[in-house]
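Letter by letter, the chains look like this.
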Amino acid sequence: MSTTPEAPKALRNIGNYIDDRFHLSKTGEKNLRKVFPNHWSFMLGEIALYSFIILIITGIFLTFWFIPSMAEVTYDGSYERLNGVEMSEAYASTLYIDFDVRGGFLVRQIHHWAALIFVASLVVHMLRVFFTGAFRKPREINWLIGVAIFALAMVEGLFGYSLPDDLPSGMGVRILQGVIIALPLVGTYLSMFLFGGEFPGDEIITRLYMLHILLIPGILLALIVAHFMILWHQKHTQYPGKGKTEKKVVGTPMFPGFAVKAGGFFFFVFAIMAGLSAFVQINPIHLFGPFSPTSITSGLQPDWYMGFMEGSLRVFPNWFDFQIFGYAVPTGVLVPGLVIPGLIFGGLAAWPFLEQWITGDKRHHNVADRPRNAPVRTGLGVAGMTFYGLLWMAGSNDVLSETFSISLYATTYFFRIFLIAGPIIAFIITKRICLGLQRRDRETLEHGYESGTIQQLPSGEFVEVHKESSDDTVHVLQAKQPVERIDVDAVDEHGVEAPEARGVMGRMRAALAHWYTKDNISFEGVEPHSGHHLHHGAHGAEEETKAGSSS
């Protein structure tokens, strides 16, 4: 008979002392039993969290040696190729970290890789949330927090990339200043305020540094904490399956299972980043040289997450620039630099509320959608990804032109055309695929799956045997809920439409609701297949005959 050993008396006394004052035992016991669903895609958000922790740890290390100053110095360090070159203290201190601080180059590489992976994991995590409808009620606020984290992460990355004051980062700051001064009326004032005078001035690195290590990380940390507090309170969504309902979560308890798994995964992510940093060099600023407003080079590319803005600036025409009251309005910079990113992030933030308004769906959703079951949403998501991807590729149109010996004008016009046509084509194709998959799901639920066994009936006809799907498959297929839709044809007893349906907004809402739901495949009334069926391949008819009764 086993006995549970008692904790040492000193530890018990400390525990009792704390519990007498804060009553943590009951709260802790409840939280330690909290269940987390198991699915690989839920680990994408964990990668983002762990990347952020690694960013903080490595960033603190780098602040010990980095000097955020644009004061000019003459380099005299271990990297002999730049000895005697005039440069800013920021660039010289970054070279010092790379070549004179023990382990400094590796830590800076880890910091940069962690930044790239942080934004990448955020993007993929948000795509999972979008395509599965995990942003729906009651999680709209957490979705807004996620969009804010995504936007701030990009700004934080841009500012961090600019701090070393090397040639590519200086070019990025120059583009940033160009976008700022494109703002009518206030642009020049904002530029003078940020740069402390004319570009580049001698203040911008100091100001970006304060924003990079204090203000933006502080806001990000607050948002991440808020995100997890809400997640903890509302509980995690889960994918449909056996035993999983809107009110019952199936998964691993917080302690010890999930805690051990999460701890191990953190060190795995850290190891991957350390391995990447050790063997894959990124942003070798010593090869680029210090920034000078008179220097320029070709083939420069920003970090991947800023590529879409680079592309929008490159391909958007200046045909619409105009003047008003003597003030120039350069839409060729203003629209691609501010309006397009605003539409992307604004659209992401508004979508949960827009979808709820279109469908009238105000139900709580704790079971995630399969993307195929929301074909319009999935199609719009793929269209957005196509638009973003084309912008991203357009940011390399000079590299594409040189690599494939294509005219730069040809690549520019190609992206201008397909930035409009590409998302439309992607939406149509994706929606058709989703609807096709829904029809196959309904067929599987109603008739089972094709066994590949061909049998001959007494009449001489050859048929294929269909078998019963597994319980888990049936539960997944039956989890498809009918898409909510406002009653666009509702009238009262006198045949009069409701006042809210008669206005412009009412008509628009009815049209959008019809467009959103018109093609969806209904599963209502479909009974799961049971037993063996013999299926007519040629005529589509089905014989309810036991497999063993055939000849």
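Residues numbered from 1 in each chain as written. Predicted model: local features only at pLDDT ≥ 70, side-chain atom pairs only at ≥ 80, totals over all residues. Heavy atoms only, no water.

The name an unreviewed UniProt entry gives the chain is Cytochrome bc1 complex cytochrome b subunit, with Nocardiopsis mwathae as the organism. Taken from UniProt, the Catalytic activity (unreviewed entry) comment for the chain reads in full: "a quinol + 2 Fe(III)-[cytochrome c](out) = a quinone + 2 Fe(II)-[cytochrome c](out) + 2 H(+)(out)". Of the chain, the UniProt comment under Cofactor (unreviewed entry) reads exactly: "heme". (UniProt positions renumbered as here; feature names shortened; annotations may be inferred.)

Visitor: Let's hear about the packing of aromatic side chains: which residues, and what values?
Guide: Counted according to the given criterion, the structure contains 29 aromatic pairs. Ring geometry for F61 and W65: centres 4.9 Å apart, planes at 55 degrees, overall tilted. Overall, the relative accessible area of 30% leaves W65 in the partly exposed class. One aromatic cluster is present, formed by Y50, F265, F266, F267, F268 and F270 through successive ring pairs. (Phe/Tyr/Trp six-rings, centres within 6.5 Å; stacked < 30°, edge-to-face > 60°. Buried < 20%, exposed > 50% of the residue type's maximum accessible area, 1.4 Å probe, protein only.)

Visitor: Describe a nonpolar patch on the surface, naming the residues involved and giving the relevant values.
Guide: On the surface, a nonpolar cluster with roughly 780 Å² of combined accessible area is contributed by I56, I60, F64, W65, Y96, L221, V225 and M229. Listed by contribution, the elements that provide at least two residues to the nonpolar patch are α3 (43-63) and α9 (204-234). If one sorts the elements of the nonpolar patch by residue count, α9 sits on top with 3 residues. Mapped onto the elements of the fold, I56 is located in helix α3. (Patch = residues over 30% accessible without salt bridge, like charges linked within 9 Å, V, L, I, M, F, W, Y side chains within 5 Å. Areas by Shrake-Rupley, 256 points an atom, 1.4 Å probe, with all protein chains shown as cover. Salt bridge = Lys/Arg side-chain N within 4 Å of Asp/Glu carboxyl O. Helix = DSSP H or I, 4+ residues; strand = E, 2+ residues; numbered from the N terminus.)

Visitor: Tell me about the packing of helix α7 (residues 167-181) against helix α8 (residues 187-195), and name the residues and values.
Guide: Any two packed helices are characterised by the angle at which their axes cross and by the distance between the axes. Look at α7 against α8: their axes get within 7 Å of each other, and the N-to-C directions meet at 145 degrees. Along the contact surface, α7 presents V173, L176, Q177, I180 and I181, while α8 presents G187, T188, L190, S191, L194 and F195. Grouping the constituent residues of the contact of α7 with α8 by class yields 7 nonpolar, 4 polar and no charged. (Axes fitted to C-alpha atoms, helices over the stretch in contact; angles between N-to-C directions. Contact = heavy atoms within 4.5 Å. Nonpolar A, V, L, I, M, F, W, Y, C, P; charged D, E, K, R; others polar.)

Visitor: Describe in detail the nonpolar core, supporting the description with residues and values.
Guide: In globular proteins that are soluble, nonpolar side chains generally tend to be buried together. Among the nonpolar cores identified, the biggest contains 80 residues, and I54, F118, V119, W143, I149, M154 and I204 are the most heavily contacted of them. A domain split of this core shows at least three residues from each of domain 1 (44-310) and domain 2 (370-528). For V119, the residues in contact, after removing those within four places along its chain, are F150, A153, M154, W304 and Y305. Grouped together as the second largest cluster of nonpolar side chains are 8 residues, Y75, Y79, L95 and I285 included. (Core = buried A, V, L, I, M, F, W, Y, C linked by side-chain atoms within 4.5 Å. Domains from an automatic or database assignment.)

Visitor: Summarise empty space enclosed by the protein; cite the residues concerned and give the values.
Guide: By rolling a water-sized probe across the atoms, one finds the places where empty space is left. The full count for this structure, using the stated rule, is 3 cavities of 30 Å³ or more. Reported here for the largest cavity is a volume of approximately 170 Å³. In this structure, the largest cavity is lined by 16 residues; those nearest its centre are R136, D361, D369, R377 and V483. A per-class count over the lining of the largest cavity returns 4 nonpolar, 4 polar and 8 charged. Lining the second largest cavity are F135, R136, K137, E140, P352, E355, Q356, T359, D361 and H365. A total of 4 residues in the lining of the second largest cavity trace back to one element, the largest contributor, which is helix α13 (residues 331-359). (1 Å grid on protein atoms, 1.4 Å probe; cavity = no way out; pocket = protein on both sides within 12 Å on 5 of 7 lines; lining within 4 Å. Points joined across faces, edges and corners; volume = space filled by probe spheres on them.)

Visitor: How would you explain unusual backbone geometry if you had to name every residue and give the values?
Guide: Cis geometry is found at the peptide bond from K137 to P138, where omega equals 15 degrees. Relative to the helices and strands, P138 is located in the loop between α5 (104-131) and α6 (140-162). A cis amide bond, omega -5 degrees, links F199 with the succeeding residue P200. Looking at where P200 falls in the secondary structure, it is placed in the loop between α8 and α9. Located in the positive-phi region is K235, a residue other than glycine, with phi close to 70 degrees.

Visitor: Account for α5, with residues named and values stated.
Guide: For α5, spanning 28 residues, the distance from its first C-alpha to its last is 41 Å, which sits close to the expected 40 Å at 1.5 Å a residue. Burial of α5 is extensive: 23 of the 28 residues sit out of reach of the surface. (Expected span 1.5 Å × (residues − 1).)

Visitor: Please set out the side chain of S401 residue by residue, giving values where relevant.
Guide: Within the secondary structure, S401 is located in helix α15 (residues 397-404). Here the side chain of S401 touches T411 through a polar contact of 3.2 Å, side chain to side chain. In contact with S401, other than residues within four places in its own chain, are I406, S407, L408 and T411. (Polar contact = N/O pair within 3.5 Å; in protein donor to acceptor, adjacent residues only side chain to side chain.)

Visitor: Could you give me a rundown of helix α14 (residues 375-394), with the residues and numbers involved?
Guide: Side chains of residues three or four places apart in an α-helix project in the same direction, reflecting 3.6 residues per turn. An ideal rise of 1.5 Å per residue puts 28 Å on 20 residues; α14 measures up with 28 Å between its terminal C-alpha atoms. Within α14, the full set of buried residues consists of P375, V376, R377, T378, G379, G381, A383, L390, L391 and A394. Looking at the buried positions of α14, the neighbouring elements they touch are α5, α12 (307-315), α13, α15, α16 (408-447) and α19 (504-517).

Visitor: Before we move on, could you go through the environment of M229 and cite the residues and values that matter?
Guide: Within the secondary structure, M229 sits in helix α9. Since its relative accessible area comes to 58%, M229 is described here as exposed. Separated by 13 residues in the primary sequence, M229 and I216 place their C-alpha atoms 20 Å from one another.

Visitor: I'd like a description of the environment of H365, backed by residues and values.
Guide: By secondary structure assignment, the location of H365 is in the loop between α13 and α14. Along the chain, H365 and G133 lie 232 residues apart, while their C-alpha atoms are 8.5 Å from each other. For H365, the contacting residues outside a window of four places in its chain are R136, K137, P138, R139, T237, E246 and Q481.

Visitor: Run through the domain arrangement of the chain, naming residues and quoting values.
Guide: Put simply, an interface is often sized by how much accessible area is lost when its parts join up. Here the chain is partitioned into domain 1 (44-310) and domain 2 (370-528). For domain 1 versus domain 2, the distance between C-alpha centres works out to 35 Å. Taken residue by residue, the interface counts 19 residues in domain 1 and 20 residues in domain 2. Buried surface at the junction of domain 1 and domain 2, both sides included, amounts to about 1600 Å², of which 63% is carbon and sulfur. A salt bridge links D471 to K242, with the nearest nitrogen and oxygen atoms 3.7 Å apart. When contributions to the side of domain 1 that touches domain 2 are tallied by element, the ones reaching two or more residues are α5 and α12. (Buried area = accessible area lost by both parts, 1.4 Å probe.)

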